Amino acid sequence: MKPSRDWEPFIKIIKELQEAGYPYKIDEMPVSCPMRDRYGNYIGWGGAMGPAQFLPSTWLLYKDRIAKLTGHYPPSPWNLQDAFVACALLLKDNGAKKGDFRSEWRAALKYFCGRINYRFRFYADSVMNLARKYEEEIRILKNQ
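How each quantity is defined
- Residues numbered from 1 in each chain as written.
- Predicted model: local features only at pLDDT ≥ 70, side-chain atom pairs only at ≥ 80, totals over all residues.
- Heavy atoms only, no water.
- Helix = DSSP H or I, 4+ residues; strand = E, 2+ residues; numbered from the N terminus.
- Buried < 20%, exposed > 50% of the residue type's maximum accessible area, 1.4 Å probe, protein only.
- Contact = heavy atoms within 4.5 Å.
- Core = buried A, V, L, I, M, F, W, Y, C linked by side-chain atoms within 4.5 Å.

Participant: Pulling in residues and values, what's your account of the overall build of the chain?
Facilitator: Looking only at helices and strands, the chain has 5 helices and 0 strands in total. The linear arrangement of helices and strands in the chain, starting from the amino end, is α-α-α-α-α. Its C-alpha atoms give the chain principal-axis dimensions of roughly 45 × 45 × 25 Å. Residues classed as buried in the chain amount to 34% of the 144 residues present. Contacts spanning at least 24 positions in sequence make up 39% of the contacts within the chain whose residues lie at least 6 apart.

Participant: For the nonpolar core, give the residues involved together with the corresponding values.
Facilitator: As a rule of thumb, soluble globular proteins bury nonpolar side chains together. One finds Phe-54, Trp-59, Ile-66 and Trp-78 to be the most contacted residues of the largest nonpolar core, which totals 20 residues. Broken down by secondary-structure element, the contributors of at least two residues to this core are α1 (3-19), α2 (56-70) and α3 (80-93). At 6 residues, the largest contribution of residues to this core is made by α3. Leaving out residues up to four positions away in the same chain, Trp-78 has contacts with Phe-10, Ile-14, Leu-17, Tyr-24, Met-29, Pro-30, Met-49, Gly-50 and Pro-51. Within the second largest apolar cluster, 6 residues are counted, among which are Ala-108, Leu-109, Phe-120 and Ala-124.

Below you can see the structure in the form of structure tokens.
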């Protein structure tokens, strides 16, 4: 985790969840590892939490909205429902609510790296390819 941005929010999230009865321990909660480039150099901090891979500082920005929609007070980044509600909110805020390919592609790219950085277009491309496949499968199921 980027120490100046995410360590204190991570501690706050864990403590709040502990107070709500979750058996979480700061040193045992799974978070993402830092990414490396093809030369083995670190190119990020890691520290993203749960299935939707939210950074602690971002989670704090969304937790009240998540709680309002899920009824989980506090929401947990490791809870599937909370995580994917958070994911939907972030994608919507990143522009996916327009519903067109370009807006959804850009929202996926922002989700991955926090901004539009065409160096990571592979991620948005792969998300949109998966979305296209899911839409095809849904159409097939609807027609059966």
